[in-house]
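# Residue-level structure breakdown
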Amino acid sequence: MPNSSRAGPSLTEHVNTAMRRISPWAFYIIAAVYGSALFFAAATGHLGVEPIEELEHRYGMIALQSVVLGLTVTPLRKHFGINMLKHRRTFGVIAFFFLIAHVSVWAILDVQSLSRVWADIVDRPYITIGMAGFLLMLPLGLTSNNYAIKRLGTALWCKIHKLVYPAAILGALHYVWLAKGFQIEPLVYLGLVLFLLALRLPILAPARKTRRA
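The notes below deal with the structure included here.

Parameters at a glance
- Residues numbered from 1 in each chain as written.
- Predicted model: local features only at pLDDT ≥ 70, side-chain atom pairs only at ≥ 80, totals over all residues.
- Heavy atoms only, no water.
- Helix = DSSP H or I, 4+ residues; strand = E, 2+ residues; numbered from the N terminus.
- Buried < 20%, exposed > 50% of the residue type's maximum accessible area, 1.4 Å probe, protein only.
- Contact = heavy atoms within 4.5 Å.
- Lys, Arg positive; Asp, Glu negative; His and termini not counted.
- Charge placed at Lys NZ, Arg CZ, Asp CG, Glu CD.
- Core = buried A, V, L, I, M, F, W, Y, C linked by side-chain atoms within 4.5 Å.
- Polar contact = N/O pair within 3.5 Å; in protein donor to acceptor, adjacent residues only side chain to side chain.
- Patch = residues over 30% accessible without salt bridge, like charges linked within 9 Å, V, L, I, M, F, W, Y side chains within 5 Å.
- Areas by Shrake-Rupley, 256 points an atom, 1.4 Å probe, with all protein chains shown as cover.
- Salt bridge = Lys/Arg side-chain N within 4 Å of Asp/Glu carboxyl O.
- Phe/Tyr/Trp six-rings, centres within 6.5 Å; stacked < 30°, edge-to-face > 60°.
- Axes fitted to C-alpha atoms, helices over the stretch in contact; angles between N-to-C directions.
- Parallel < 35°, antiparallel > 145°, perpendicular 65-115°, else oblique.
- Left-handed = near helix turned anticlockwise from the far one by under 90°.

Turning next to the overall build of the protein chain. Summing up its helical and strand segments, the protein chain has 10 helices and zero strands in all. Listed by position from the N terminus, the elements making up the protein chain come as α-α-α-α-α-α-α-α-α-α. Dimensions of the protein chain, computed from C-alpha atoms along their principal axes, come out at roughly 80 × 40 × 40 Å. Within the span of the protein chain, comprising 213 residues, buried residues form 35% of the whole. Taking contacts inside the protein chain between residues at least 6 apart in sequence as the whole, the part at least 24 apart equals 68%. Computed over 21 positive and 9 negative side-chain charges, the inter-centroid distance for the protein chain is 25 Å.

Leu71, Trp106 and Met137 are the most contacted members of the largest nonpolar core, which has 41 residues in total. Among the elements of the structure, α2 (24–43), α3 (51–80), α4 (85–111), α5 (114–123), α6 (125–142), α9 (164–178) and α10 (184–198) are those that each provide at least two residues to this core. Broken down by element, the residue count for this core peaks at nine residues, all from α3. By size, the runner-up hydrophobic cluster in this structure holds five residues, among which are Met19, Val73, Ile82 and Met84.

All right, on to the side chain of His87 then. Its location among the elements puts His87 in helix α4. For His87, the side chain forms a polar contact with the main-chain oxygen of Met19, separated by 2.8 Å. Sequence-distant contacts of His87, that is, excluding residues within four places in its chain, are made with Met19, Ile22, Ser23, Pro24 and Phe27.

Together, Phe39, Ile52, Ile108 and Leu109 make up an exposed nonpolar region whose accessible area comes to about 350 Å². Within the fold, Ile108 resides in helix α4. With a relative accessible area of 59%, Ile108 lands in the exposed category.

Here we come to the pattern of salt bridges. Tallying each qualifying case throughout the model produces two salt bridges. The salt bridge partner of Glu54 is Arg58, with a shortest N-O separation of 2.9 Å. Of this pair, Glu54 and Arg58 are both found in helix α3, four residues apart, which corresponds to roughly one turn of the helix. Salt-bridge contacts for Asp120 lead to Arg124; the nearest nitrogen and oxygen are separated by 3.6 Å.

Not every positive phi belongs to a glycine, and Gln112 is a case in point at roughly 65 degrees. Positionally, Gln112 belongs in the loop between α4 and α5.

The description of an aromatic ring pair rests on the distance of the ring centres and on the angle between the ring planes. Applying the stated criterion across every chain yields a total of five aromatic pairs. Geometrically, the ring pair formed by Phe27 and Phe91 is edge-to-face, given 5.6 Å between the ring centres and 80 degrees between the ring planes. With Phe27 in helix α2 and Phe91 in helix α4, this pair connects stretches of sequence that are 64 residues apart. Of the residues examined, Phe27 reaches a relative accessible area of 23% and is grouped as partly exposed. Here Tyr175 and Tyr189 contribute two aromatic rings whose centre-to-centre distance is 5.9 Å and whose plane-to-plane angle is 65 degrees, an arrangement assigned as edge-to-face. Residue Tyr175 is found in helix α9, and its partner Tyr189 is found in helix α10; the two are separated by 14 residues along the sequence.

Okay, the side chain of Thr72 next. Mapped onto the secondary structure, Thr72 falls in helix α3. Engagement of the side chain of Thr72 in a polar contact is seen with the backbone oxygen of Leu69, the distance being 2.6 Å.

Looking now at the packing of α3 against α10. Viewed as axis vectors pointing N to C, α3 and α10 meet at an angle of 30 degrees, and their least axial separation amounts to 9 Å. In terms of axis orientation, α3 runs roughly parallel to α10. Crossing of α3 against α10: the hand is left-handed. Between α3 and α10, the contacting residues are Met61, Leu64, Gln65, Val68, Leu71, Thr72 and Pro75 on the first element and Glu185, Tyr189, Leu192, Val193, Leu196 and Leu197 on the second.

This is how it looks when you write it as structure tokens:
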């Protein structure tokens with residue numbers, strides 16, 4: 001009698017199927033709606049006693065979280081077989097736009113003066129670090145499109161996008177330095193970034209060479 005019992009799809013296969021079916025635009029729409037809702041809440045006084053500072057902080061957090069999420073794509077695929085490569089660029093684009101929003105709120109709504117912006121960058125180390133991370137993210141954001149890949153070539157494009165590694169470290173350090181007193185959450189983010197980057201070291205990398213960032 002033939003054995004008709006067959007194992008069904010694994011949890012990993014279900015997750016991969018779901019990830020393939022989700023359009024990147026779903027993430028873009030959610031991010032846009034949430035970012036707009038935060039801005040509206042701040043503008044109408046529903047974001048705490050310091051709405052501009054809270055808006056600035058939340059935009060920065062979403063940017064950092066999106067960078068961390070993008071860094072998890074390769075380890076998840078390598079160690080657990082979960083494939084989210086389709087959405088890695090999406091996470092990076094979302095991080096870039098929320099980073100622009102974070103910097104814009106700080107410079108335009110908070111500081112409100114070009115001379116003071118420059119003075120803060122020069123005089124406050126945590127802002128210096130944050131701005132350095134932002135500058136590293138600029139070429140990534142500007143080349144996160146198919147046209148840039150064709151113009152630059154895949155090899156050069158991949159090298160440019162490895163700037164996300166130092167940018168992620170600087171972003172996490174910016175958060176740690178910004179926090180007042182000893183706080184666990186910023187250290188958790190820094191530790192998570194360092195851990196995800198450590199997984200890319202040659203000793204922990206897969207035997208075959210890969211171009212995946």
